[in-house]
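Coordinates in review
One-letter residues, chain by chain:
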Amino acid sequence: MIRLVVFDLDGTLVDSSHDLAEATNALLAELGAPALVELAARVAFMNMSARMNIALGIHSEEFALACGLAPLAERSAVSGAA
């Protein structure tokens, strides 16, 4: 059973820019520009939402809990996190 999937879309772990470009071109060829624009807008909105949650002190959407994964680390009172 898969318990964790890591997405690295900015080249931190792997230089995936070529693969991303190929996937984008395939999507563009199959679905057309409007679908690509809609996808880009949705990704931008999700990114903005995640940044806003962090700014508001919301650091988790409980995905790990929903998947039954144990926490990687406990938050300490010293860090100011609740």
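Up top is the structure these notes are about.
Residues numbered from 1 in each chain as written. Predicted model: local features only at pLDDT ≥ 70, side-chain atom pairs only at ≥ 80, totals over all residues. Heavy atoms only, no water.

A rise of 1.5 Å per residue sets the reference length of helix α1 (residues 17–31), with its 15 residues, at 21 Å; its end C-alpha atoms lie 21 Å apart and thus fit the reference within 8%. The first or second residue beyond α1 is glycine 32, which carries a positive phi of 90°. (Helix = DSSP H or I, 4+ residues; strand = E, 2+ residues; numbered from the N terminus. Expected span 1.5 Å × (residues − 1).)

One pass over the structure, following the stated rule, counts 1 salt bridge. For arginine 42, the salt bridge goes to glutamate 38, with nearest N and O atoms at 2.8 Å. Here arginine 42 pairs with glutamate 38, and both are found in helix α2 (residues 33–55), just 4 residues apart, close to one helical turn. Relative accessible area serves as the criterion here: at 54%, arginine 42 is assigned to the exposed category. (Salt bridge = Lys/Arg side-chain N within 4 Å of Asp/Glu carboxyl O. Buried < 20%, exposed > 50% of the residue type's maximum accessible area, 1.4 Å probe, protein only.)

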